[in-house]
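Report on the structure
Listed here are the chains, written in short residue letters.
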Amino acid sequence: MESSSDEDFVILACTNPNPIESEAESESKHKKDFLISTTDILSWDLHTILCSQTLQIHANRNRLIEQSSYFRGLLRGSFSESRLDCISIQWSLDTFVDVLKCIYGCPFHITPNNFIPLFEGALYFGVEMLLLKCKTWFSEVSSSEGSASLQLQLDDLIHIWKFGLECANDFLPKLCASFLARNFMWAMSSKLFVDVPYNLLLSCIEHPYLTVDSEMHLSDALLVWVDANAKQLENFIITSKDCHGIFRQIRVSLLPLWFAAGKRRSCHFSELPKESVDSIFKLISVPPINSMNGLGDGDLHNLRVRLTEYSKKVNLSGCPQITLAILLLSLLPSSYSIDPTLRKSVKHFTMNFGRLEREQCPISQGLPMLSFESVQEVDISKCPRLHLEAAITCFSKSFPSIRTLKAAYLLNFKTTSLHQLVQKCPLLCEVDLTIDISPLLPARVSVVSSSAAIAPLLSNKSVSVREHPGDVSSLKKSGQLLSNITKLTLEGRTDLCDLDLQCISKFCASLHDVNLKGCISVTDVGISNLICNCMKLHSIAACDTSFGKNSVLALCSSISSYYGNSSADDLGWNHNSLISNLQKLHIGGCKSVDETSLLELLSQTKMLKSLCLRDTQLVDQALHCFSGSSLEMLDISNTMVSAAALAHVVHGNPGLKCLNVRGCRNIFRQESNTSGGENYYLYKDLYLELGNCKLEEITLGWGFSYLSLESLQPAIMSLRSITVGLGGSLGEDALKRLPAACPMLESVILHFQVITDTIIMNILAYLRNLRVLALCYCLGDISMLSFSLSMQNLRKLRLERVTPWMNNNDLVILTQNCANLVELSLLGCKLLNSDSQKIISHGCPGLISIHLEECGEVTANGVSSLLDCAAIEDLLLRHNGPGIQKTFIFYAASKLPMLRKISLDVCDASEGDFDIPDYAERCFLSTVKIARCKSQRCNFNLSAHTHRTPVHEETLVLVWNSKNLLRTVVKERL
């Protein structure tokens, strides 16, 4: 308590500067002006006193003079107020109260909402202590990481930055730029990112702490900002300021090829993508082992991957230009990118890595690798020129905290080296080694002949092959710890065998999630052994494998039968079998699973969230045995289940989000004497049950009609994807209402539907989030009017047998309106010709998948300008004219660094056949399909000249993996 004479006190009459608002609040709360004293400041009732228009504050004069330069000059100087007992102050009441709290040493809270008023108050009243507290608070908040930094929102940051400029305080703008640079990935995801002022954005991207997952993310964010600030750009150009200087901060040589190629038509960004593509191909032209020679002698700063101490993710996916040399330059001190002498040591290391490894020479002894301990995820998918063995060694040194490694679509990553990987990166929890699933799935093809050729060992390209480790006990004895991997994706790995699975199950005993989809070389016994050894599994994806009775038995058997005295409680399970704890089970296409096995499986699953049983022997009895209540995804396509059985499952799983029942003839099967309307009432229970769900994806077929869509209305308001296949018939009215019924649709795929211009225009006009549109074998009369609207958000377009009238002029309009396509499939556009290639490559330069079949004479003069789509990964050209060169496969693979899949037809070969590249010449290719036709006489041709039409005879399929080349001839047209 203060004890002084009245002469030591002064009355501070603080009035809110906004009387209208304050009076309204005062009247509504029936409050009067308050007289309070700083002697009771700790017990002030802020909620009550702040409702007043004016505060009469009895304050100690000396304390004010000591702590505030404003009051010091006012109360000690020659001002008339120095002799007054009452001083009037116009200021926000809540801010002034906090200023007084600071002056009198009382606690108060600084938040993003009151920071600027407090800082302004501290400056005006000259309260150094408050100014220091504000600076300290903002320094801590702007420098913090994790949840602490999230209390500062982007709009707060913008306001604080502007305030700092207004008050000529360099401290605040610098901290704002630093915070924005370190949290750029968070900021770019905000809707307010486009409101960031140009100068703040420029300071941010020039800041040494700028942290992004990849150069693509930085480029994308800047493009979004520029598009939203077009008028501001014009003003900068008028005042001769180089606004496009922000783009010059992008390291264009490190952009993914598909991204750079796709931006060549951007109105704001056209020159840099061209520069980027040229730079990428220049880097690619140098062999990886000599890549250091191809980097030049100048400053290589722009070839350094952007890494800071705050980096958490490193995304290099889709960058064929990335080599060991570029990776090393990014992980070494910046002097290595400038000093030619230091570069020689990098060059020596890249050229002699194999020998250094054999001599067990640690990388840290030769090169001073930097450590980025915050990095937890690295993505090197589709980086075919990166020396994987060396890259893993670099990761182990520079990213000691790495938890996730994505290395998808890299054939040279041998699965047998997984053990070596987890040894060098012991904290790894998730590994993705996905490759393309082979078209040679046993259940889908009829093999005529098959042969395999062993691939040569390419030590400079592949991860070293390590012998399978012994059992777990031997690993422990050798001091090698078991891995921490909980999620392992091996999708499409045809080189994976039972011995690999046995090895994996021993040193990855903590697996929770395993994906073996399309691993056609493993057996049922191999999969069952993996299940038995990985007792913590709760997610299994084994579609199109030999998963069968043995695997089912392993899932359903009690844990104790495999692990001795271990009980379910010891393992953290709720029940005594693995199946009872599974959350995901995908075994679609597994023909070895019979009805009895499916019945056993479904009767014991209680916790499943995702279930795929497509193309299996699933029947009603098995579905009726399913008692789970947590399903979110269900795929039972191409099975024989009925509407009643499906209704039973849906009734118990109201949280269902994704449903696929395409090809299920028994679900919506009409009786011979039942009309469409009556058919609806037969299955009303199913529709009612589905109506209780909130579906996001639905794939339907047989029996699905306009009435079905009407009855599902409550469930499909949030639908993002709809596919209607053979047997479904929505009708014109339902398709017209589709955008209104499902306004959030991003994917619309229609097969065998009756369509019109009005329907298509309605879909394209009102579904603004549409990214995928497929019209396949649809009936009806549509014209180019359907595609006259701009569809810049569209990424995938399939037009199969619906636009036979399309000519080059129509194609120009289509590509102009769909300039951002990444996948284009045209079938049956018979009026196209060789000029169409240039139209496609110029109009949609970012295409990664092109399928052209029966499209007139597109390839009659060979294939040239189509390959200007530099990032093509999947190319199908069939029955488009016999002009394709014999060496085309090799030529395309060498010209397109990302090409993995190519499909041709001998009918289009200018010399009657195609050369097949050997293992070394294949570049990045993993699959080649060459169809062959035979001539068949037309029985309905009565003219003198016999007319023969080509009919499919067989397909030669070449599939490469890390071990061999499999050459197979099948009857089907793949």
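Residues numbered from 1 in each chain as written. Predicted model: local features only at pLDDT ≥ 70, side-chain atom pairs only at ≥ 80, totals over all residues. Heavy atoms only, no water.

An unreviewed UniProt entry annotates the protein chain as BTB domain-containing protein of Castanea mollissima. The Pathway (unreviewed entry) comment attached to the protein chain in UniProt states, word for word, "Protein modification; protein ubiquitination." Under the UniProt heading Function (unreviewed entry), the note attached to the protein chain is "May act as a substrate-specific adapter of an E3 ubiquitin-protein ligase complex (CUL3-RBX1-BTB) which mediates the ubiquitination and subsequent proteasomal degradation of target proteins." (UniProt positions renumbered as here; feature names shortened; annotations may be inferred.)

In terms of residue burial, strand 28 (residues 964–970) counts as a mostly covered element, since 5 of its 7 residues are buried. Taken together, the 7 bridges between strand 9 (residues 447–454) and strand 28 define a ladder with antiparallel strand orientation. In the strand pairing of strand 28, Ser 450 is matched with Thr 968. (Buried < 20%, exposed > 50% of the residue type's maximum accessible area, 1.4 Å probe, protein only. Helix = DSSP H or I, 4+ residues; strand = E, 2+ residues; numbered from the N terminus. Pairing = 2+ DSSP bridges.)

Time to look at the environment of Leu 441. One can find Leu 441 in the loop between strand 8 (430–432) and strand 9. Residues Leu 441 and Gly 589 lie 148 residues apart in sequence; the distance between their C-alpha atoms is 9.2 Å. Leu 441 has contacts with Ile 520 and Asp 544, leaving out every residue within four places of it along the chain. (Contact = heavy atoms within 4.5 Å.)

Together, Leu 726, Phe 752 and Tyr 777 make up a nonpolar patch on the protein surface, roughly 280 Å² of accessible area in all. Along the chain, Leu 726 turns up in the loop between strand 18 (721–724) and helix 34 (731–741). Its relative accessible area of 43% is what places Leu 726 among the partly exposed residues. (Patch = residues over 30% accessible without salt bridge, like charges linked within 9 Å, V, L, I, M, F, W, Y side chains within 5 Å. Areas by Shrake-Rupley, 256 points an atom, 1.4 Å probe, with all protein chains shown as cover. Salt bridge = Lys/Arg side-chain N within 4 Å of Asp/Glu carboxyl O.)

Turning our eyes to something else, we now look at the confidence of the model for the protein chain. Taken residue by residue, the protein chain gives an average pLDDT of 85. The fraction at 70 or more is 85%. Scored below 50 in pLDDT, residues 458–479 makes 43 contacts in the model with residues more than four places away or belonging to other chains. (pLDDT = per-residue confidence, 0-100.)

Right, let's talk about the packing of helix 9 (residues 171–182) against helix 11 (residues 198–205) for a bit. The relative placement of two packed helices comes down to the angle between their axes together with the axis-to-axis distance. One can describe the packing of helix 9 onto helix 11 by two numbers: an axis separation of 8 Å at closest approach and a directional angle of 65°. In this structure, helix 9 crosses over helix 11, and the sense of that crossing is right-handed. Contact residues: Cys 176, Ala 177, Leu 180 and Ala 181 in helix 9; Leu 200, Ser 203 and Cys 204 in helix 11. Considered class by class, the residues forming the contact of helix 9 with helix 11 number 6 nonpolar, 1 polar and no charged. (Axes fitted to C-alpha atoms, helices over the stretch in contact; angles between N-to-C directions. Left-handed = near helix turned anticlockwise from the far one by under 90°. Nonpolar A, V, L, I, M, F, W, Y, C, P; charged D, E, K, R; others polar.)

It is worth spelling out the packing of aromatic side chains at this point. Scanning the model with the defined rule gives 21 aromatic pairs in all. Here Tyr 70 and Phe 125 contribute two aromatic rings whose centre-to-centre distance is 5.1 Å and whose plane-to-plane angle is 85°, an arrangement assigned as edge-to-face. Taken together, the residues span a long stretch of sequence, with Tyr 70 in helix 4 (residues 69–76) and Phe 125 in helix 6 (residues 115–125) at a distance of 55 residues. Residue classification places Tyr 70 among the partly exposed positions, given a relative accessible area of 23%. Counting every residue linked through ring pairs, the aromatic cluster contains Tyr 70, Phe 71, Trp 91, Phe 96, Tyr 124 and Phe 125. (Phe/Tyr/Trp six-rings, centres within 6.5 Å; stacked < 30°, edge-to-face > 60°.)

Read from one edge of the open sheet, 4 strands run 2-3-1-4, paired in mixed fashion. Both outer strands of the open sheet, strand 2 (34–37) and strand 4 (86–90), are each paired with one neighbouring strand and no more. In this sheet, adjacent strand axes meet at a mean angle of 25° when their direction is disregarded. Note that strand 2 and strand 3 (residues 54–60) share 4 bridges and pair parallel. Within strand 3, the residue paired with Ser 37 across the bridge is His 58. Contacts from helix 5 (residues 93–103) reach strand 1 (9–15), strand 3 and strand 4, with the element oriented near 150° to strand 1.

Turning our attention to the pairing of strand 24 (residues 874–878). As a general feature of sheets, a regular strand has side chains that alternate between the two faces. Where burial is concerned, most of strand 24 is hidden: 5 out of the 5 residues are buried. A two-sided burial pattern is seen for strand 24, the buried positions comprising Asp 874, Leu 876 and Arg 878 on one face and Leu 875 and Leu 877 on the other. Strand direction decides the pairing type here: strand 23 (residues 849–853) and strand 24, joined by 5 bridges, are parallel. Bridged to Ile 850 within strand 24 is Leu 875.

On to the packing of helix 16 (residues 324–331) against helix 20 (residues 388–398), then. Closest axis-to-axis distance for the helix 16/helix 20 pair is 10 Å, and the angle between their directions is 10°. Judged by the inter-axis angle, helix 16 sits roughly parallel to helix 20. Contacts between helix 16 and helix 20 involve Leu 324, Leu 327, Leu 328 and Leu 331 from the former and Ala 390, Ala 391, Cys 394, Phe 395 and Ser 398 from the latter. (Parallel < 35°, antiparallel > 145°, perpendicular 65-115°, else oblique.)

Time to look at the pattern of salt bridges. Inspection of every chain in the model, using the stated rule, returns 21 salt bridges. The salt bridge partner of Asp 615 is Arg 614, with a shortest N-O separation of 3.2 Å. For the pair shown, Asp 615 and Arg 614 are each scored as buried. The partner of Glu 853 in a salt bridge is Arg 973, with the nearest N and O atoms 3.2 Å apart. Pair noted here: Glu 853 is in strand 23 and Arg 973 is in the segment after strand 28, with a separation of 120 residues, a long-range link. Residue classification places Glu 853 among the buried positions, given a relative accessible area of 18%. What makes Arg 973 partly exposed here is its relative accessible area of 30%. If you follow the salt bridges from partner to partner, you end up with Lys 382, Asp 436, Glu 873 and Arg 900 in one network.

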